[in-house]
Amino acid sequence: MKIRIRLREILAKRNISQRQFALSMNMRIATINHLCSDSVDRVYIRTLEQICNALNITVDQLIVSVDENDQ
């Protein structure tokens, strides 16, 4: 099982660019770009909380588990 952050998908559905979101969150653009990539290996809980609050979503909407065979 693999854990995936759905940030890129959620931002796309809302028509928000990664850069625009980062600036609105007062976060580094590189941080948001990294979280939107498929190579995230660690993230601060506080960062997830801030993202969830900004997007008005729950953490289980942001993070999903994926069967590695389905990729």
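What you are looking at is a predicted structure, and each value in this text was computed from that prediction instead of being measured. (Residues numbered from 1 in each chain as written. Predicted model: local features only at pLDDT ≥ 70, side-chain atom pairs only at ≥ 80, totals over all residues. Heavy atoms only, no water.)

Let's talk about the overall build of the chain
- When helices and strands are counted, the chain shows five helices and two strands.
- Relative to the compact-globule value of 11 Å for 71 residues, the chain shows a C-alpha radius of gyration of 12 Å, a close match.
- Along the three orthogonal principal directions, the C-alpha set of the chain runs to about 35 × 20 × 20 Å.
- Across the 71 residues that make up the chain, the buried fraction comes to 28%.
- A sequence separation of at least 24 residues applies to 62% of the contacts in the chain between residues at least 6 apart.
- Of the roughly 5,200 Å² that the chain leaves accessible, carbon and sulfur atoms contribute 47%. (Helix = DSSP H or I, 4+ residues; strand = E, 2+ residues; numbered from the N terminus. Rg over C-alpha atoms; globule rule 2.2 N^0.38 Å. Buried < 20%, exposed > 50% of the residue type's maximum accessible area, 1.4 Å probe, protein only. Contact = heavy atoms within 4.5 Å. Areas by Shrake-Rupley, 256 points an atom, 1.4 Å probe, with all protein chains shown as cover.)

Some thoughts on the UniProt feature "domain: HTH cro/C1-type" (unreviewed entry) in the chain
- Per the UniProt record, the feature "domain: HTH cro/C1-type" (unreviewed entry) sits at residues 7-62.
- Between the C-alpha atoms that bound residues 7-62 there is a distance of 6 Å. The span itself is 66% helix and 0% strand. (UniProt positions renumbered as here; feature names shortened; annotations may be inferred.)

Thoughts on the side chain of Arg6
- In this fold, Arg6 is placed in the loop between strand E1 (2-5) and helix H1 (7-13).
- The buried category is assigned to Arg6, whose relative accessible area is 16%.
- What Arg6 contacts, discounting residues up to four positions off in sequence, is Lys13, Gln61, Leu62 and Val64.

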